[in-house]
Amino acid sequence: MTPSSNPLILLVDIFRSPADCFAALYERGKWAWLPYVLLIFAPFMFWGTYFDLVNFEWVTTNLTAQIESIGGQVQPEWLTKEILLAGEVINDVTGRTASILLLALWFKLATKQSQYQHGYFKWVAASTVVMFPALIGDIASYASLLLNHANIMPYAADLNSLNGLMKLPMTDHWSAYASSFPLLMPWYIALSYTALGAWTDLDRSKSLIIAILPWITCFTLWGFITAFSG
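All of these numbers come straight from a predicted model, not from anything done at the bench.

J.: An account of the overall build of the chain is requested, with residue identities and associated values reported.
T.: Summing up its helical and strand segments, the chain has twelve helices and zero strands in all. At 19 Å, the chain has a C-alpha radius of gyration in line with the 17 Å of a compact globule built from 230 residues. With the C-alpha coordinates aligned to their principal axes, the bounding extent of the chain is approximately 55 × 40 × 25 Å. Residues counted as buried form 41% of the 230 residues belonging to the chain. Surface exposure of the chain reaches about 12000 Å², of which carbon and sulfur atoms provide 66%. Here the chain carries 11 positive and 15 negative side-chain charges, and the mean point of each set is 16 Å from the other.

Quick look at the structure:
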């Protein structure tokens, strides 16, 4: 295992050799700021491009129809490019940041049995790397948008989520669930497993359970609630 030599190599090693990435991050936790900044910057680029290219009149017409069909009231001043852009960016930024912070808290609590203990912010650094593949989803979403941008709704444009494939409208009972379900979950789990293997002395089965449990628990419970609340 050869730790990544600098922050840029660390980004490459997330995909090429995650163990080397986590070895470097163990020694230099501040290097996690670069992947975090990229994760936060990407939504600005994607949604800015989306609202520049999309047929905005078509989007607002469809949004208005969907909101009204579920009994909502639409204020015309809310349906501007600036407000919708801000809403999508804030949603992505807060969602990613919350995921990183909660995942770090889970790692901190779930690894109490390990003799190698790390501070919360050390796990925040690891969780940032775990979530970094979302940038690949952003790039895929951007490429798809460039190929087909005329008539595509915001919930169908983001290929990081299951709804990027299913394209369920807001009126659908499963829309919120599908929009939150990450297509790259297996990748996040794999990186979590690698981090736990590199930073703790837990055996492989325990590391795998810790890596899988938060994702499976969250989306299984949410799925049951959605299924039986309709």
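J.: Would you mind going over the nonpolar core in detail, with residue names and values included?
T.: Ile-14, Phe-22, Leu-25 and Trp-215 are the most contacted members of the largest nonpolar core, which totals 39 residues. The set of elements that each furnish at least two residues to this core consists of α1 (7-16), α2 (18-27), α3 (33-53), α5 (81-110), α6 (120-131), α7 (134-147), α11 (185-199) and α12 (204-229). If sequence neighbours within four positions are ignored, Leu-25 has contacts with Leu-10, Trp-31, Ala-32, Lys-122, Ala-125, Ala-126, Val-129 and Trp-199. Membership of the second largest hydrophobic core comes to 19 residues, among which are Ile-40, Tyr-50, Val-89 and Leu-145.

J.: Account for α6, with residues named and values stated.
T.: Along its twelve residues, α6 runs 16 Å from first to last C-alpha, staying within 8% of the 16 Å computed at 1.5 Å per residue. Within α6, nine of the twelve residues are buried, which leaves it mostly tucked inside the rest of the structure.

J.: Describe the packing of α1 against α3, naming the residues involved and giving the relevant values.
T.: Put simply, α1 and α3 touch, their axes get as near as 9 Å, and they point 70 degrees apart. Considering their axes alone, α1 and α3 lie roughly perpendicular with respect to each other. Contact residues: α1 offers Pro-7, Leu-8, Leu-10 and Leu-11, while α3 offers Leu-34, Pro-35 and Leu-38. Of the residues in the contact of α1 with α3, the class split is seven nonpolar, no polar and no charged.

J.: Requested: an account of unusual backbone geometry, with residues and values cited.
T.: Phi at Lys-167 is positive, roughly 55 degrees, even though this residue is not glycine. Looking at where Lys-167 falls in the secondary structure, it is placed in the loop between α9 (163-166) and α10 (175-180). Given the relative accessible area of 41%, Lys-167 is considered partly exposed.

J.: Explain α7 residue by residue, including any values.
T.: Each full turn of the α-helix corresponds to 3.6 residues, which orients residues three or four apart in the same direction. Taking 1.5 Å as the rise per residue, α7 with 14 residues should run 20 Å; its terminal C-alpha atoms sit 20 Å apart, in good agreement. For α7, every residue scored as buried is listed here: Ala-134, Leu-135, Gly-137, Asp-138, Ser-141 and Leu-145. With its buried residues spanning 150 degrees around the axis, α7 presents them on a single face. Across from the buried face of α7, at angles greater than 90 degrees, the exposed residues are Ile-139 and Leu-147.

J.: Got a sec to walk through the pattern of salt bridges? Specific residues and values, please.
T.: In this structure the tally under the stated criterion is three salt bridges. With a closest N to O distance of 2.7 Å, Arg-96 and Asp-138 form a salt bridge. Taken together, the residues span a long stretch of sequence, with Arg-96 in helix α5 and Asp-138 in helix α7 at a distance of 42 residues. Given the relative accessible area of 7%, Asp-138 is considered buried.

About the thresholds
- Residues numbered from 1 in each chain as written.
- Predicted model: local features only at pLDDT ≥ 70, side-chain atom pairs only at ≥ 80, totals over all residues.
- Heavy atoms only, no water.
- Helix = DSSP H or I, 4+ residues; strand = E, 2+ residues; numbered from the N terminus.
- Rg over C-alpha atoms; globule rule 2.2 N^0.38 Å.
- Buried < 20%, exposed > 50% of the residue type's maximum accessible area, 1.4 Å probe, protein only.
- Areas by Shrake-Rupley, 256 points an atom, 1.4 Å probe, with all protein chains shown as cover.
- Lys, Arg positive; Asp, Glu negative; His and termini not counted.
- Charge placed at Lys NZ, Arg CZ, Asp CG, Glu CD.
- Core = buried A, V, L, I, M, F, W, Y, C linked by side-chain atoms within 4.5 Å.
- Contact = heavy atoms within 4.5 Å.
- Expected span 1.5 Å × (residues − 1).
- Axes fitted to C-alpha atoms, helices over the stretch in contact; angles between N-to-C directions.
- Parallel < 35°, antiparallel > 145°, perpendicular 65-115°, else oblique.
- Nonpolar A, V, L, I, M, F, W, Y, C, P; charged D, E, K, R; others polar.
- Arc of directions from axis to C-beta.
- Salt bridge = Lys/Arg side-chain N within 4 Å of Asp/Glu carboxyl O.

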